[in-house]
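# Survey of secondary and tertiary structure
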Amino acid sequence: MAIIDTDIAQAKAWLLAGNVVGVPTETVYGLAGNAFNEDAVLKIFQVKNRPHFDPLIVHTNSLEKLTAFVASFPAVAQQLAEVFWPGPLTLLLPKSPLISDLITAGLNTVAVRIPQHPVMLELLAALDFPLAAPSANPFGYISPTSAAHVAAQLGTKIPYILDGGACKVGIESTIVGFEGTEVVVYRLGGISVEALESVVGKVRVQTHSSSNPNAPGMLQSHYAPRKKLLLGCPEKPADNWGYLAFSQPNAHIFPQYQRILSPTRQYTEAAKHLFGYLRQLDALPIAGIYAELFPNEDLGRAINDRLRRAAADAFVVE
Ligand code: TXA
Ligand code: MG
């Protein structure tokens, strides 16, 4: 079983030896390995049970290190980096020869990010290689936002989980690419579309897998709990179903089967609780989960994206 501890030197030692470890970031926990070690990268895919066509994000702690991983860094991308890094933004940039095809799944772009978590930044600063890290969940399940979440699912497969507490953002990074003069959002996440647009003007949002060969990981059914999840709540809900609400409980559902994401309607608080509460509901003796959709603005849009993917093969009651 993985050791859960806060010792950065231990995490570093496991990584130097070619192992993969759980690491905290401000978005979700990652399953990290030396991005320059192909065996370590292969282990990431193995542990996660992730198909090799789904590329990984490369994490580092400074722009100086990061420029060696990319072949070019367009001005508009640099502008976003200046405003949002360290932070929940991933940029797709032309890759340099330093980055292996295993990481990019053969694409000529690499996903790069400087995360905003003090423990992760200290770890990255202590390493002379970047960390390839997908979210530390089995492929297709909800991402982990605590060390305990990582241990619950991958604890028997990895030696160490670096504990950095509960993730402050709670949903994955926003993924942004560049097509000609256009800024394209491939995954909604911790930086809102409004925030991006306040820096670079109008962006295009293209987050559907069918029309989106650039982000093979954005499969329709993703981030799913094991239980059936329906969007919205019928007037007469089933009595053995749970409810995930934005701010208001539902009088027709047992209180113990409900989770309220943010009683004061703060999107940041709701995002922070989203995956943890879904996990809690998933573990209850209920048949399914009704989930309230959010207003389609700010982080509400990214939350809706996750809820829709979690509900992908269920009937929608909106
Ligand atoms: O917040 C996050 O981004 C977290 C933390 C750990 O940093 N990481 C994360 O990684 O969510 P992952 O692997 O679960 O999701 C990364 C997504 C995948 O959907 C993948 O397909 C996409 O990024 N991706 C990676 N490289 C890409 C590339 N070169 N072009 C297009 N999409 C890419
Ligand atoms: Mg993921």
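Residues numbered from 1 in each chain as written. Chains lettered and ligands numbered in written order. Predicted model: local features only at pLDDT ≥ 70, side-chain atom pairs only at ≥ 80, totals over all residues. Heavy atoms only, no water.

### Concerning the overall build of the protein
The helix and strand tally for the protein stands at ten helices and 15 strands. Relative to a compact globule of 318 residues, whose C-alpha radius of gyration would be 20 Å, the protein shows 19 Å and is just as compact. Relative to its full complement of 318 residues, the protein shows a buried share of 57%. Counting contacts in the protein only where the partners sit at least 6 residues apart, residues at least 24 apart contribute 67% of the total. Element-wise, carbon and sulfur atoms account for 53% of the exposed surface of the protein, whose accessible area totals about 13100 Å². Averaged over its 24 positive side-chain charges, the protein has a centre that lies 4 Å from the centre of its 27 negative ones. (Helix = DSSP H or I, 4+ residues; strand = E, 2+ residues; numbered from the N terminus. Rg over C-alpha atoms; globule rule 2.2 N^0.38 Å. Buried < 20%, exposed > 50% of the residue type's maximum accessible area, 1.4 Å probe, protein only. Contact = heavy atoms within 4.5 Å. Areas by Shrake-Rupley, 256 points an atom, 1.4 Å probe, with all protein chains shown as cover. Lys, Arg positive; Asp, Glu negative; His and termini not counted. Charge placed at Lys NZ, Arg CZ, Asp CG, Glu CD.)

### Concerning the environment of Lys95
Along the chain, the position of Lys95 falls in the loop between β5 (89-94) and α5 (101-104). Residues Lys95 and Ala111, spaced 16 residues apart in sequence, show a C-alpha to C-alpha distance of 8.5 Å. Sequence-distant contacts of Lys95, defined by excluding residues within four places in its chain, comprise Phe69, Val70, Ala71, Asp101, Thr104, Leu107, Asn108, Thr109 and Val110. A polar contact is formed between the side chain of Lys95 and the backbone oxygen of Ile99, at a distance of 2.6 Å. (Polar contact = N/O pair within 3.5 Å; in protein donor to acceptor, adjacent residues only side chain to side chain.)

### Some remarks on helix α7 (residues 147-154)
Burial within α7 is extensive, with six of its eight residues counted as buried. Of the residues making up α7, those classed as buried are Ala147, His149, Val150, Ala151, Gln153 and Leu154. For α7, the secondary structure elements touched by its buried residues are β1 (3-5), β3 (30-34), α2 (38-48), β8 (160-162) and α9 (267-282).

### A short note on the pattern of salt bridges
Going through the model one piece at a time under the given rule, you end up with nine salt bridges. One salt bridge connects Arg204 with Glu182, and the closest N-O pair in it is separated by 3.1 Å. With Arg204 in strand β11 (residues 204-205) and Glu182 in strand β10 (residues 182-187), this residue pair connects regions lying 22 residues apart in the sequence. Salt bridges here are not isolated pairs; linked through shared partners, they connect Glu172, Asp305, Arg306 and Arg309. (Salt bridge = Lys/Arg side-chain N within 4 Å of Asp/Glu carboxyl O.)

### A word on unusual backbone geometry
The omega torsion across Trp85 and Pro86 is -5°, close enough to zero to call that bond cis. Mapped onto the elements, Pro86 comes out in the loop between α4 (75-84) and β5. Phi at Asn49 is positive, roughly 60°, even though this residue is not glycine. By secondary structure assignment, the location of Asn49 is in the loop between α2 and β4 (57-59). Given the relative accessible area of 60%, Asn49 is considered exposed. Positive phi values are uncommon outside glycine, yet Asp298 reaches one of about 50°.

### A few points about the pairing of strand β15 (residues 288-291)
Two faces, one strand: in a regular strand the side chains alternate between the faces of the sheet. Burial of the side chains of β15 extends over both faces: Gly288 and Tyr290 are buried on one face and Ile289 and Ala291 on the other. Sheet topology note: the strand β12 (residues 228-231)/β15 ladder contains four bridges and is parallel. Its bridge partner being in β15, Leu229 is matched across the sheet by Ile289. Taken together, the four bridges between strand β13 (residues 241-245) and β15 define a ladder with parallel strand orientation. When the bridges of β15 are listed, Tyr243 appears paired with Tyr290. (Pairing = 2+ DSSP bridges.)

### Considerations on the nonpolar core
With 84 residues, the main nonpolar core has Leu91 and Leu244 as its most contacted residues. With eight residues, α9 is the single largest residue contributor to this core. If you count residues domain by domain, this core takes at least three from each of domain 1 (3-73 + 80-169) and domain 2 (228-310). Look past the residues within four positions of Leu91 in its chain and what remains in contact with it is Phe73, Ala77, Leu80, Ala81, Trp85, Val110, Ala111, Val112, Val176 and Phe178. Grouped together as the second largest cluster of nonpolar side chains are 16 residues, Ile8, Leu15, Leu123 and Tyr160 included. (Core = buried A, V, L, I, M, F, W, Y, C linked by side-chain atoms within 4.5 Å. Domains from an automatic or database assignment.)

### Structural notes on the packing of α9 against helix α10 (residues 298-310)
Contact pair α9 / α10: the axes reach a minimum separation of 9 Å and the direction vectors enclose 20°. Accordingly, the angle class assigned to the pair α9 and α10 is roughly parallel. Taken as a pair, α9 and α10 cross one another with a handedness that is left-handed. Residue-level inspection shows Tyr267, Thr268, Ala270, Ala271, Leu274 and Phe275 of α9 in contact with α10, the latter providing Asp298, Leu299, Gly300, Ile303, Arg306 and Leu307. Class assignment of the residues belonging to the contact of α9 with α10 gives a composition of eight nonpolar, two polar and two charged. (Axes fitted to C-alpha atoms, helices over the stretch in contact; angles between N-to-C directions. Parallel < 35°, antiparallel > 145°, perpendicular 65-115°, else oblique. Left-handed = near helix turned anticlockwise from the far one by under 90°. Nonpolar A, V, L, I, M, F, W, Y, C, P; charged D, E, K, R; others polar.)

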